[in-house]
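Inside the fold
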Amino acid sequence: MSDSGDPKISVPQASELLQDVRRWAAELGFQQVGVSSVDLGDHEAYLQKWLDAGYHGSMDYMARHGSKRSRPAELVPETCRVISLRMDYLTDDSANAVLASSEKAYISRYALGRDYHKLVRKRLAQLAARIEAEAGGGRFRAFVDSAPVLERALAEQAGLGWIAKNTMLINPEAGSWFFLGEIYTDLPLPETAAQESKHCGTCTACLTACPTDAFVAPFQLDARRCISYLTIEHHGSIDPQLRPLMGNRVFGCDDCQLVCPWTKFAGASGEDDFQPRHGLADAELVALFLWDEDTFLARTAGSPIRRIGYERWLRNLAVGLGNGPATAAAIAALRQRQAHPSALVREHVAWALARLNPKGSGL
């Protein structure tokens, strides 16, 4: 956080500064900027209802910080505005082809390149420093999915899009293929207008496309059934009833985005860091499952995938293999992990082998 004293900035100056901020943000690779107040009353009530229903599963951090998540000034004192920014990340169009190939591993498109946290956070810090220099002071703190921040709610209020039936933020020019970042500030910048309404209409494509029926209703996601939660946030055994529904999705899930009509307007990202690495855009399940831990660590260095660790990586891949064809290569790979030191891995390997070779006769 930067703190250089109280800036003296008039309303006309604040309006002019916002125009500069938009230009600077574009130079840093952001596609859109918006400004909102810190009043999130309706979103706070929604969050509490969601937590009370237990839809957050084991993500205890969602409730840990109390009202700081929905009251920005409690997290960063004196915050009166939040600058929300959008950075598009889509670089690969092979998603549907990979999902259709049961021998390949589907990895959520946001995770194919380098971890976005560092890149976006660095750009936000550069932007905040430039604003501070121009304004002659002010307080700033940047966030990228790294603190108790209701980023989609703030972005919706700032006019970057609308929270859709799939609970994603939808932008009419980019669908939902973008990262969000925020700068909390005490500068009284002019607020930007929110979307007049949600533009989902009668469409329910995202709700019906969910492989595990994680949407209990429009705008309501039960994370405990969401494949992104199961493969990334969830640390233990995956519910055996949900495993067959996961298909070849081994890190995240994009189904509710892929079917959204608004995603057809998304443009390709120009960020080199978001380009797929190590062939992960369409890698074979068997090949990834045979990585040893050193290979996993080497090839996921600087990647969002690293955060789940090698054990859960194998767990997820075992489920993917169990949902694929009973090839000799798949069965042989699974058998190599039958005596793995991790009980979690052994459990999911045994499940997969039982699916592929129920009579135990081998191939």
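Numbering of residues starts from 1 in every chain and runs along the sequence as written. pLDDT decides what is reported in this predicted model: residues at 70 or higher carry local features, side-chain atom pairs at 80 or more are listed and counted, and totals for whole chains, interfaces and linings draw on all residues regardless. The basis for the side-chain values is all heavy atoms of the structure; hydrogens and waters are excluded.

Per an unreviewed UniProt entry, the protein chain is named Epoxyqueuosine reductase, and its organism is Seongchinamella sediminis. The Subunit (unreviewed entry) field of the UniProt record for the protein chain holds the comment "Monomer." Recorded in UniProt for the protein chain, the comment headed Subcellular location (unreviewed entry) runs: "Cytoplasm". UniProt positions are given in the numbering used here, feature names are shortened, and annotations may be inferred rather than shown by experiment.

Core analysis: the biggest nonpolar cluster contains 67 residues, and Ile107, Phe289, Trp313 and Leu334 have the highest contact counts within it. The dominant element in this core, judged by the number of residues it contributes, is helix 13 (residues 309-322), at seven residues. What counts as a domain boundary in this text is fixed by an automatic or database domain assignment. Taken domain by domain, this core gets at least three of its residues from each of domain 1 (11-95 + 112-185) and domain 2 (204-356). Only buried residues count toward a nonpolar core. Its members are Ala, Val, Leu, Ile, Met, Phe, Trp, Tyr and Cys residues joined through side-chain atoms within 4.5 Å. Residue exposure (1.4 Å probe, protein chains only): buried if accessible area is under 20% of the type maximum, exposed if over 50%, otherwise partly exposed. Within the second largest apolar cluster, 32 residues are counted, among which are Leu18, Trp24, Phe30 and Leu119. Helix numbering and strand numbering both begin at the N terminus, where a helix is a DSSP run of H or I of at least 4 residues and a strand a DSSP run of E of at least 2.

A word on the domain arrangement of the protein chain. Each assigned domain of the protein chain is listed here: domain 1 (11-95 + 112-185) and domain 2 (204-356). Centre-to-centre separation of domain 1 and domain 2, based on C-alpha positions: 27 Å. Here, two residues are considered to be in contact whenever any of their heavy atoms come within 4.5 Å of each other. Listed as interface residues are 42 residues of domain 1 and, on the opposing side, 38 residues of domain 2. Summing both sides of the interface, domain 1 and domain 2 together bury roughly 3500 Å²; the carbon and sulfur share of this comes to 60%. Among the residues domain 1 hides against domain 2, the three largest losses belong to Tyr55, Arg114 and Lys165. Together they make up 20% of the total. Whenever Lys or Arg places a side-chain nitrogen within 4 Å of a carboxyl oxygen from Asp or Glu, that contact is recorded as a salt bridge. Summed over the shared surface of domain 1 and domain 2, the result is two salt bridges. Residue arginine 114 pairs with aspartate 273 through a salt bridge whose shortest N-O separation is 3.7 Å. Pairs of N or O atoms are called polar contacts if they sit within 3.5 Å, as long as, within protein, a hydrogen donor faces a hydrogen acceptor (for residues adjacent in sequence, only side-chain-to-side-chain pairs). Scanning the region where domain 1 abuts domain 2 turns up 16 residue pairs in polar contact (both at pLDDT 80 or more). For the side of domain 1 that touches domain 2, the secondary-structure elements that each account for two or more residues are helix 2 (41-52), strand 3 (81-88), helix 6 (116-135) and strand 6 (162-163). Two parts placed together each lose some accessible area; with a 1.4 Å probe, that loss summed over both constitutes the buried area.

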